[in-house]
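# Structural features, examined
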Amino acid sequence: MKLQPAAWAAVCAAGIATLGAAQKVVGPEEFDRAMKTIGASIDAVDEAVAASSFAPAKTPLALARQVLASTRPVWETAGEPDAVRMTREAVAALDALDKVLSANTVDAAAVAASVRDVKRACDACHEIHREGDEETGYRMKTAAR
Ligand code: HEC
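So, here's what we can say about the structure.

Glancing now at the layout of surface pockets. Here the largest pocket defines a volume of roughly 990 Å³. Examining the composition of the lining of the largest pocket, we find that nine residues originate from one element, helix 2 (residues 28–50), more than from any other.

The next subject is the environment of G137. As for its position among the elements, G137 is in strand 2 (residues 137–140). On the basis of relative accessibility, which here comes to 24%, the residue G137 falls in the partly exposed class. Note: C-alpha distance between G137 and D32 (105 residues apart in sequence) is 9.8 Å. Those residues in contact with G137, other than ones at most four positions away along the chain, are E131 and G132.

As a further point, take the coordination of the iron atom of the ligand. In this structure, M35 (SD) and H126 (NE2) serve as the protein donors to the iron atom of the ligand, at separations of 2.0 to 2.3 Å. Take M35: its relative accessible area is 27%, and that puts it in the partly exposed class.

Let us now look at the packing of helix 2 against helix 3 (residues 54–70). Their axes nearest at 8 Å, the elements helix 2 and helix 3 cross at an angle of 165 degrees. When the axes of helix 2 and helix 3 are compared, the pair comes out roughly antiparallel. The hand of the helix 2/helix 3 crossing is left-handed. Across the interface between the two elements, A34, M35, T37, I38, S41, I42, A44, V45, A48 and V49 from helix 2 touch F54, A57, P60, L61, L63, A64, V67 and L68 from helix 3. Broken down by class, the residue content of the contact of helix 2 with helix 3 amounts to 16 nonpolar, two polar and no charged.

Glancing now at the pairing of strand 1 (residues 130–133). On a regular strand, each side chain points to the face opposite its neighbour's, so the side chains alternate between the two faces of the sheet. Of the strand pairs in this sheet, strand 1 and strand 2 are connected by four bridges, and their pairing is antiparallel. Directly across from D133, in strand 2, lies its bridge partner G137. Connecting strand 1 to the antiparallel partner strand 2 that follows it, the hairpin turn spans three residues.

For the rest of this paragraph, the subject is empty space enclosed by the protein. All chains considered together, the criterion is met by one cavity of 30 Å³ or more. Empty space within the largest cavity amounts to approximately 30 Å³. What lines the largest cavity is simply I42, V45, D46, L94, L97, V115, V118 and K119. Secondary structure elements with two or more residues in the lining of the largest cavity: helix 2, helix 5 (81–101) and helix 6 (108–129). Grouping the amino acids of the lining of the largest cavity by side-chain chemistry returns six nonpolar, no polar and two charged.

Cut-off values and rules
Residue numbers restart at each chain and count upward from 1, following the sequence in its written direction. In keeping with the model being predicted, local features are shown solely for residues with a pLDDT of at least 70 and side-chain atom pairs are shown and tallied solely at 80 or more, while totals for entire chains, interfaces and linings include all residues. Hydrogens and waters are ignored; side-chain quantities use all the structure's heavy atoms. The definitions used throughout rest on a 1 Å grid laid over the protein atoms alone, on which a cavity is an enclosed set of points accommodating a 1.4 Å probe that cannot get out and a pocket is an open set flanked by protein within 12 Å on both sides along at least five of seven lines; lining residues are those having an atom within 4 Å of a point. Grid points are joined across faces, edges and corners, and a volume is the space filled by probe spheres set on the points. Going along the chain from the N terminus, every DSSP run of H or I of four or more residues is numbered as a helix, and every run of E of two or more is numbered as a strand. Buried, partly exposed and exposed residues are distinguished by accessible area as a fraction of the type maximum, computed with a 1.4 Å probe on protein chains only: under 20%, between the cut-offs, and over 50%, respectively. By definition in these notes, contact holds between two residues if any of their heavy atoms fall within 4.5 Å. A donor here means any N, O or S atom no more than 2.8 Å from the metal (3.2 Å for Na, K and Ca); water is not included, so a site may seem to lack partners. For helices, the fitted line uses only the C-alpha atoms of the stretch in contact; every axis is such a line through C-alpha atoms, and the angle between N-to-C directions lies from 0 to 180 degrees. Any angle between 65 and 115 degrees counts as roughly perpendicular, while under 35 counts as roughly parallel, over 145 as roughly antiparallel, and the rest as oblique. Throughout, a crossing is termed right-handed when the near helix is turned clockwise from the far one, and left-handed when it is turned anticlockwise from it by less than a right angle. Polar here means any residue other than Ala, Val, Leu, Ile, Met, Phe, Trp, Tyr, Cys and Pro, which are nonpolar, and Asp, Glu, Lys and Arg, which are charged; Gly is therefore polar. One bridge is not enough; two strands pair if DSSP finds at least two bridges between them.

Here you go:
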C-alpha cells in the first residue's frame, strides 16, 4: 500500500485519537481501531525502509509501538495470558527494530531481518487470536467467548 502524505496524516490523527481517547485499549472496537493504526503504521515503516529512509521510519514505528503496548489490557481482561505474552514479544520486536534504525551507521541487512522478526511476532498472534479476513472483517478470537 502506498501511503500518501495526507493518508499518513490521517493515520497519525487516528493514532493520536486512539491514544487520546484511552491510554489503555479496553474494548473490541478500540482494539480494532488500534490494530488498523498499527497496520497502517507498519506499512509506512515498510515504505520508509524500502526507500532507505531509516530515520523517518522511526516515527510511524513509535506510533505502532505505543498503540500496540496500549492493547495489552484487552488480553488481561479476556484472561488470555499467552496473548499478553505475544503482545509483549511484539513490542520487544518493535523496540529491537528501533534500535537497529538508530545505529550511527544503519545496517540495511539488520533492518530487514528485524522487520521480518516484527512480522513474525504480529503473525504469531494473528494465527491464534484472529479470525475473519479482509472481506468480512477481522475479529478477535478468545477462548473466553
Ligand atoms: C497479541 C495479539 C496480536 C498481536 C501481537 C498483533 N495483533 Fe494485529 N490483530 C489481532 C487480532 C485479534 C486482530 C483481529 C481483531 C480486529 O481487527 O478487530 C488483529 C487485526 C489486525 C489487523 C486488521 C485490522 C482490521 O480490522 O482491518 C491488522 C492490519 C493488524 N492486526 C496488524 C498487526 C501488526 C502490524 C502487528 C505487529 C506489529 C500486530 N497486528 C500484532 C491480534 C494481534
